[in-house]
Structure formats: C-alpha cells, structure tokens
Amino acid sequence: MRTNQPQTIYLSDYQAPAYFVDQVDLRFELFEDGARVHSKLALRRNPEASVGAPLELNGDSLTLESLTLDGEALPASRYQNEGDKLVVPGVPAKFELAVVTWIEPQKNTRLEGLYKSSGMFCTQCEAEGFRCITYYPDRPDVMARFRTRVEADKSAYPILLSNGNPVEQGDLDDGRHFVTWEDPFPKPAYLFALVAGDLLEKKDTFTTCSGRNIDLRMYVEPRNSEKCDYAMDALKRSMRWDEEVYGREYDLDIFMIVAVDDFNMGAMENKGLNIFNSSCVLASQDTATDAAFQRIEAIVAHEYFHNWSGNRVTCRDWFQLSLKEGFTVFRDSQFSADMGSPTVKRIEDVTLLRTAQFAEDAGPMAHPIRPASYMEITNFYTLTIYEKGAEVVRMLHNLLGSEMFRKGSDLYFERHDGQAVTTDDFVRAMEDASGRDLNQFRLWYEQAGTPIVTVVDDYDESDGIYRLTIKQSIPDTPGQTHKKPQHIPFAMGLLNRAGEPLPLNLSAEEQNGPQDRVLELTESEHCVEFHGLSERPVPSLLRDFSAPVRVQYSWTREQLLFLMSHDPDGFNRWDAGQRLAVDVIQSLLGAPDDAPIEPRLVDAYRQLLNNVSLDQALVAKMLLLPSEAYLVELSEQADVPAIHAARERVLKHLAHALRDELLTCYQRNLDHGDYRLSPEAIARRSLRNIALAWLLHIDDEQALALASEQVENADNMTDRLGALRAMVNSRFETQRNQALTAFYQRFSDDPQVVELWFSVQASSDRAGQLPQIQQLLQHPAFDWKNPNKVRSVVGAFAGQNLSAFHSPDGTGYQFLAEQVCRLDDSNPQIAARLVSPLTRWKKFAPHHREQMKAALERIRDKDELSRDVYEVVHKSLAD
Ligand SMILES: [Zn+2]
C-alpha cells in the first residue's frame, strides 16, 4: 500500500478485537506463476463487542477469488473491499468464513508474506506479513490454532514445511504431493510460517528435562551441507540452558530451522519452524569468522528462547514489542555470557548500546521502549526496543536479584501462558513475585531519552567522610519534555591508593560494609556519604554498566590510568581505558599536527600488550580504540574529518611507539595446533589480528609480509579476513588489490564470504571511496534484490566508512539518497533502514548538516514514497 499521508496509529486507541478466531484451516496450492490460498476461519464474536459489530479483516496485495459465510457464497454487495481492509457487516455471533485468494510470491520483492528466494518458497509474517497471504484479523491479540496443508510439485519441492507437527502426507495427481501440519498451540498470525523447496535435511535429537525426545531438523541448500553443525549444537545448548536457568521445556515433537538467502531480518521465531537469514546460521571454520560463530550462537538461542518469551506468551499489540524482544535479548545475552566471557559480552553489548542506541535516543526517531504511536511498525524494530529493552529487563534483574527475578519470570509464564499481554503485565508479575513496588520503574517504559547521571565528589579528611552528590536528568525528546526522575540501579565501589577495594560504610556505625553496592537512585538528586575512609578514594562508578545511562564525572587522567590497571570490575577497567582514549583524541581535535600526544597513553597500552596474566579476551577489547561512530556520538557538533584525523594520529602514534611489542604480541599469539573455538583461542586470534592491523596502519613492511602469508595460508576465516582487512587499510595498493582478487577467486561461489569481501572494502577509508563503491555495485556478485548484499556495500559504506560517507563535497549523502530512492520501490523496509545515517543531521557541524538535510529532502520529494521511508524522512526533517 502506498500513500502520501500515512496514518499515525496510537496506543491509546487500542480496542480489543470484535471477533476471535478459534481455528484456522489453510490450504496452499503452490505453482510457478503464483499461489492459491484457501482459508477457513472459525470465528466467534468477542462477548465484549456489540452485536452489530462488523467483521474487519486485513489484506494487502491480494486478489480475492471467493468469500463464503457458513457455506454460502457472499455476493460483492455483502462486503466492502477497501484495498487494505475487507469489511463484512451483519455477521452472526459464531460462524465459519472461507476465503480464497490468489497471490504472486514470485513478484514479491518486499520479502513480506510469502515469497520466493533462490528457488524456494518461504514466509516472513512479523509484523504484518500474513495479510499479504490471505484476509485475516492480522493482529497479535487474535490467537488461533492452525492446520496447514501445503501442496506443490514433488520434484521441485520435495520438502513442505509449516508450524507444529506433521500429521498427514501423500501424493496427488500431476506429480504433485502434499503435507499437512497441525500446531496445537494457539498463536497470532505473525508466527505463521511455510517453506517449500528442494532442501537438504540435517537430523539430530534432543531429550528434554522430562525425558521427551524432540526431533531437531535443519533444512539448507545442498551446497551448505557442511555448515550446519555449529548451529545445531548451539540449538541444543540453548534448549538445555533454558531448562536449567528459566525452567522452560520445549513443547512440540519437532523443532526446525531453515536457512534462506534473501531475508530482511536476522531470523524469525515462527512456532516450531524458525527461518534464518543464511548469514545468521550457516558457518564453517573456512567461511565464518569467530564473531560470526558467536553471533550465530546468540541468534539461534534468541529465536529458540522466543518459544516461551514471545510465542507461548505473546504481545497484545505492536506497542508491546519490547515485551518479547527486550526480555529475549536479555535472555540471549545471559546465555552468551554463560557460554563465554561475561565481561567481554557485557563490553560488546554496551559498545553497541552507547554507540548506536544512545544515538537513536538522542535523534529525531527517539521513542520509549513502549512507543505511544507509530506510522509503520517495521520502523520500530529498533535498537531502543531490543537493546534498551534488554537493559531495562537487566535492571529489574539487578534490583530484584536472580532468585526473585526467576520467581517473577515463573509467575509471568504461568499466569499468562497462551495469552497476548502487555509490558505492564510483565512488570506486575515481577512486582507480585518480589513484593517490590515498581511503580516508578515503569517510567523506563514510557519516557524516551538516555538519562544523564552527574556525579560530584568531595572528601573530608577531618571526619573521614567521602560524599557523592548524584543528580539525574533526562533530555527532551520529540513530543516529550520535563521528564520525571527514573528508578536507576547504580552499582559502584571505591578503591584506595594501593588499588584495594574499600568497604562501603553508609554510616559511622557501619564497620565492614560490602565492597560493592547498588545505590537506588529515585530522586533528581541524592547525597550519599561513605564513612571511615583514611584517604581520598578513587570511585568506580556504574559497575558492569548497571543502567543504560550516561555518567558524567570529571575523571582525571591519573584516575583513569589507575582504574585501567586496578579496578576489580572488568567492565570498568575497559571503560576507564575508553574514557582515557576519548579524552586524548578529543584534546587533539583541530590541534596542530605537532601537538603532543599524552605520553602516558603509550605506557598504558604497552602495559596492556605485555600483560599476559589478565584475561586475554579483555586485553583484546581494551586495545581497541573508541570507534569513529562513538566519537561522533559523543560530540556536540561532529566534524567528521577532524575526528578521523585525530583518531588516526593517535592510532599511528601508538603503533609507531609500540612496534616491537606489537610484533612480539603477534608472534606470541600464533596458533600451532588445530583450529578451536574456545574463548582462549578466540582471544589469541583477536590479539594477533589487532597487532597486524595496527602495524599495517603504519605501513610496516614486516607486517605486510606476515599479513600476505596469513591471508594466503590461514586455516580459518578469522585470520584470513583479519589479514585481508589489515592489508586493505594499508597504503600497499598493489598487494592489497592482489589479495582482494585472490580472496574473491577462492570464495566466489560462497555468497556469505562474498558479503564479507564487499563489506571489508566498503567500510575502509582506503579502499571504499565513492568511485570504488560505485564499482562494487556494478560487480556481478552484487544483487539489489538480496538485502545482505545491499547491507554489505551501501550499509557498510554509510554506517562504517564515516570519513568517506561524510566527504566534504556531500557526494556520499547524495549517493545514499539515490540508493534509498531506488530501493524504496522494491523493498521499502530495507530502504527505511538505510536512511538512518542521514537522520541525525542536526548532530553534525554546519558543513555536513546542510548537505545531509538536502539529501533527506531529495528522498522526501520522490514520487510515491513508501510509508516506511515517509515516516523516517518526515520525522527527521521535522523541527
Ligand atoms: Zn526476537
């Protein structure tokens, strides 16, 4: 549907459905030119609805072939077909409606509803894709039992899948066959799924805690046969973990995962039949990086965990999206922390949050984790809903403690099993189980924006008291001003001069207080006193990032250096290093080329490189300088070339000064045995690739030889790609081009590796200037219809290659505007996501700002703009 003035939908307008669906019987006839969908709905009027209430069904891009009510064909005069809505007045309290529609999955480039991807039929129904399949009350609070029969040509589509358990199959005339699936659990239509194709089946089993045997199945294209083991294993680990940590057992007899190349999202938790973007599930040592393996483990877990947090208990309406996403992201991050290093996982989550979610929270699309309105729901699959939503659940966990939190989640699942509920129901279950008053805490769901927590300290030598004055404020966001203080769990500790933790005594009487405390901030200002201190302590604030807030405190460089090497909280150790590096880089912005660089920074990094007793995974994280995107986020009026230049200066300075240590680090971390995915082995690869990257940044000949050897002979993709990336970012143009060509030739038949190859170039300021990006778009492996390819070139350029994208002549912005307009016609959901780097134009220095705005206006003026892009562009340009 396209319109010039999309409607805004408000949470306050919510009304329960007038009719419920008890049972859905579907029959799909799949053909090469389209599909016929026969749907039979057993409907029942909501006792709360008025007797004359008309039946309203959603529909999108459908051809209606027939409509029958209780066996009687309805003439066109008995209903109104309003394009996106089918309205049938005068229906009885209980009836059966049969609908036949014709759809064309082959022409579906939006990838919503039923579509074809590399020869197979597949679906994506969240949020509102089911209405592209048949007329239906397509809203999550209508939960029904589904029985689905799929019919297709047997040789072209030997595998026919849908939700639930298979109950019947057989052959039909003309070489066709069918399979019928029955899902005993009522579900909203967004969890419906169908797959038909010529796929290879990988089998495994899992025995649940109560002793039931579950068939596990993965379906992939035959060429991907060797890339399934890791995901299958991750699935079994997830199933076990959810039993042990949340007491949740799987409920159907079969659990299936299908890999699809063309997919708008990462993966989808359809009941019993999860559909994955190939890049989020397929992996082998030769083709996937360590980061990809970790992402796959997290996403497989995430989708599996949805079976309870999302499917058994679902959302009442789409304003409640964070009910399932925030909770499930929190669950998958707990799982990843348990599988690897909790500190490193926390650093990764917070890096994403602080770089991208904080930016969203401060921009024109800022919204609470439970928004009050939207135009297009697919625009609200945001970092705020997911990542900040998870942080809010994490805070509940911090406030209640694990035991009470588990009592709360048990109560939530028990109380609401089979229901469509709200975020408030979730908080109420936590409240009822723990006996805590969470009224003020609920503001996290209503108020947008990142709270700022300002800390001022004062030490009184005469009475040994250390005082903290802690203030909180929340910036204004579109449509919200004068916000109320929120309930913030603020974890902290104090260290003495020797780096030892001190007891936190809150009164003169208290003697041996704990060395860690979670202060609960509820007022706009608190004053906290710590007693019995014989020297001025160094504060360690917001340990483990206990709340999604910005902390402002005037750290001295001495304090940061001290915390970097002494804080017992691993997260804060890392954070102190980041703050120090940010401070040094910011002090060089606009400074003359010969302005001195803080000498203690080199010492600190030297210590890190030589430190073999500290967790090496943490060391690897600590060695990474803050990204340009994070530095932009921290700026008032970002001047991208200046940020780029200052960061480059620091990086090169460190690399020159630490050349010998970097070479030693590289050699020390070489692997000689078999490839392993243990945290230690991952840390080793990470360290040696960082060393290589730094050394090639200063065009070191010896490092070039090491990288050339590694890119050619590595036995895994992490090392191969690490070396390639380092070479691409060097000045050795001939060797870089040779390596890129050889890499492509080696992997040209593997679309996922080709995506890596695209993005390594598109995200590099050396290899990814605009003319080179234009060339990548002409490359035979590039495909506009494949969202992964678009993301790996256009997305990587605009999102990661900041200095090229923000080039002073504005050509990067105009380029992005062109690509958005081009994609808007075929895949508006992806087009709307791509606009994002332009939306924060007000944040940039004047020379960027005007040209970014002009690019947005160019998109705004396109004919027939989709609702998706319309919403993002208009909100970005609003005052
Ligand atoms: Zn999810």
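The structure under discussion appears in the preceding block.
Residues numbered from 1 in each chain as written. Predicted model: local features only at pLDDT ≥ 70, side-chain atom pairs only at ≥ 80, totals over all residues. Heavy atoms only, no water.

Undergrad: Describe the coordination of the zinc ion, and please don't skip the residues or the numbers.
TA: Every protein donor of the zinc ion is accounted for by His302 (NE2), His306 (NE2), Glu325 (OE) and Glu325 (OE), and the metal-donor separations fall at 2.0 to 2.7 Å. Of note is the zinc ion, whose four donor atoms meet at the metal with angles of 54 to 152° in an arrangement that counts as irregular. For His302, a relative accessible area of 7% corresponds to the buried category. (Donors = N, O, S within 2.8 Å, 3.2 Å for Na, K, Ca; no water. Tetrahedral: all angles 85-135°; square planar, octahedral: opposite > 155°, others 65-115°. Buried < 20%, exposed > 50% of the residue type's maximum accessible area, 1.4 Å probe, protein only.)

Undergrad: Tell me about empty space enclosed by the protein, and please be specific about residues and values.
TA: Overall, the coordinates contain five cavities of 30 Å³ or more when judged by the stated rule. Of the voids in this model, the largest cavity is the one considered here, and its volume is about 100 Å³. Contributing elements (two or more residues each) for the lining of the largest cavity: β30 (538–541), α8 (557–566) and α9 (570–587). Among the elements that line the lining of the largest cavity, the one with the most residues is α9, at five residues. When grouped by side-chain class, the residues that make up the lining of the largest cavity number 10 nonpolar, two polar and three charged. Roughly 60 Å³ of internal volume is contained in the second largest cavity. Taken together, Val329, Ser333, Asp349, Leu353, Glu387, Ala390, Glu391 and Arg394 make up the lining of the second largest cavity. Among the elements that line the lining of the second largest cavity, the one with the most residues is helix α5 (residues 383–416), at four residues. Residues of the lining of the second largest cavity, tallied by class, amount to three nonpolar, one polar and four charged. (1 Å grid on protein atoms, 1.4 Å probe; cavity = no way out; pocket = protein on both sides within 12 Å on 5 of 7 lines; lining within 4 Å. Points joined across faces, edges and corners; volume = space filled by probe spheres on them. Helix = DSSP H or I, 4+ residues; strand = E, 2+ residues; numbered from the N terminus. Nonpolar A, V, L, I, M, F, W, Y, C, P; charged D, E, K, R; others polar.)

Undergrad: I'd love a proper account of the packing of helix α1 (residues 229–246) against helix α2 (residues 290–305), names of residues and values included.
TA: Where α1 contacts α2, the two axes come as close as 9 Å, and the packing angle between them is 45°. One way to sum up the angle between α1 and α2 is to call them oblique. Where α1 crosses over α2, the two elements pack in a sense that is right-handed. Here Tyr230, Ala231, Ala234, Leu235, Arg237, Ser238, Met239, Trp241 and Asp242 of α1 come into contact with α2, specifically with Phe293, Ile296, Glu297, Val300, Ala301, Tyr304 and Phe305. The residue makeup of the contact of α1 with α2, split by class, is 12 nonpolar, one polar and three charged. (Axes fitted to C-alpha atoms, helices over the stretch in contact; angles between N-to-C directions. Parallel < 35°, antiparallel > 145°, perpendicular 65-115°, else oblique. Left-handed = near helix turned anticlockwise from the far one by under 90°. Contact = heavy atoms within 4.5 Å.)

Undergrad: Which residues make up the pattern of salt bridges, and what are the values?
TA: Where charged atoms from two side chains of opposite charge come close, those side chains can pair. In the structure shown here, the tally under the stated rule is 83 salt bridges. For the salt bridge of Arg606 with Asp603, the shortest nitrogen-to-oxygen distance reads 3.5 Å. Separated by three residues within a single helix, Arg606 and Asp603 lie in helix α10 (residues 599–610), roughly one turn from each other. Residue class for Asp603 comes out partly exposed when judged on its relative accessible area of 39%. Ionic contacts of the salt-bridge type, sharing partners, join the residues Asp290, Asp671, Arg684, Arg685, Arg688 and Asp719 into one network. (Salt bridge = Lys/Arg side-chain N within 4 Å of Asp/Glu carboxyl O.)

Undergrad: Before we move on, can you summarise the sheet that holds strand β19 (residues 254–260) with the specific residues and values?
TA: A sheet is described by the order of its strands in space; here five strands give the open sequence β17-β18-β19-β21-β20, paired in mixed fashion. Looking at which strands have only one partner, the edges of the open sheet turn out to be β17 (200–207) and β20 (267–268). Of the strands in this sheet, β19, β20 and β21 (273–277) touch α2, which is tilted by about 150° from β21. (Pairing = 2+ DSSP bridges.)

Undergrad: Can you tell me about the packing of aromatic side chains, naming the residues and giving the values?
TA: Within this structure, the stated rule accounts for 44 aromatic pairs. Here the aromatic rings of Tyr250 and Phe255 are separated by 5.3 Å at their centres, their planes lie at 85°, and the arrangement is edge-to-face. Judged by its relative accessible area of 2%, Phe255 is buried. In this arrangement the basic side chain of Lys271 is found over the ring face of Phe185, its NZ or CZ atom lying 4.4 Å from the centre. (Phe/Tyr/Trp six-rings, centres within 6.5 Å; stacked < 30°, edge-to-face > 60°. Lys NZ or Arg CZ within 6 Å of the ring centre and 35° of its normal.)

Undergrad: Mind laying out the nonpolar core, listing which residues take part and the relevant values?
TA: Core analysis: the biggest nonpolar cluster contains 293 residues, and Leu30, Tyr136, Phe490 and Tyr605 have the highest contact counts within it. A total of 12 residues in this core trace back to one element, the largest contributor, which is α5. (Core = buried A, V, L, I, M, F, W, Y, C linked by side-chain atoms within 4.5 Å.)

Undergrad: Give me the lowdown on the pairing of strand β26 (residues 465–473), citing residues and values where you can.
TA: Along any regular strand the residues' side chains alternate between the sheet's two faces. Bridging between strand β25 (residues 452–460) and β26 involves nine bridges; their strand directions are antiparallel. Bridge pairing in β26 places Val456 opposite Thr469. The hairpin turn running from β25 into β26, its antiparallel successor, is four residues long, and Gly464 in that turn takes a positive phi close to 65°. Sheet analysis places β26 next to strand β29 (residues 525–530), joined by six bridges and oriented antiparallel. Each residue of the ladder has a partner; that of Leu468, found in β29, is Val528.

Undergrad: So, the environment of Ile275: which residues are in play, and what are the values?
TA: One can find Ile275 in strand β21. Between the C-alpha atoms of Ile275 and His672, which are 397 residues apart in sequence, the distance is 38 Å. Look past the residues within four positions of Ile275 in its chain and what remains in contact with it is Thr123, Ala193, Leu194, Val195, Val258, Val260, Phe263, Ala267, Met268 and Asn270.

Undergrad: Please provide a residue-by-residue account of the environment of Gln752, values included.
TA: The residue Gln752 is located in helix α19 (residues 751–762) in this model. Along the backbone, Gln752 and Asp261 are 491 residues apart, and their C-alpha atoms lie at a distance of 9.0 Å. In contact with Gln752, not counting residues within four places along its chain, are Lys227, Ser278, Ser279 and Leu282.

Undergrad: Describe in detail the sheet that holds strand β10 (residues 113–117), supporting the description with residues and values.
TA: Within the open sheet, the four strands sit side by side as β10-β11-β16-β13. Their pairing is antiparallel. Bordering the open sheet on either side are β10 and β13 (159–162), each of which pairs with just one other strand. Taking the axes of each pair of neighbouring strands and ignoring which way they run, one obtains an average angle of 20° across the sheet. Of the strand pairs in this sheet, β10 and strand β11 (residues 120–124) are connected by five bridges, and their pairing is antiparallel. Counted as the bridge partner of Leu114 is Thr123 from β11.

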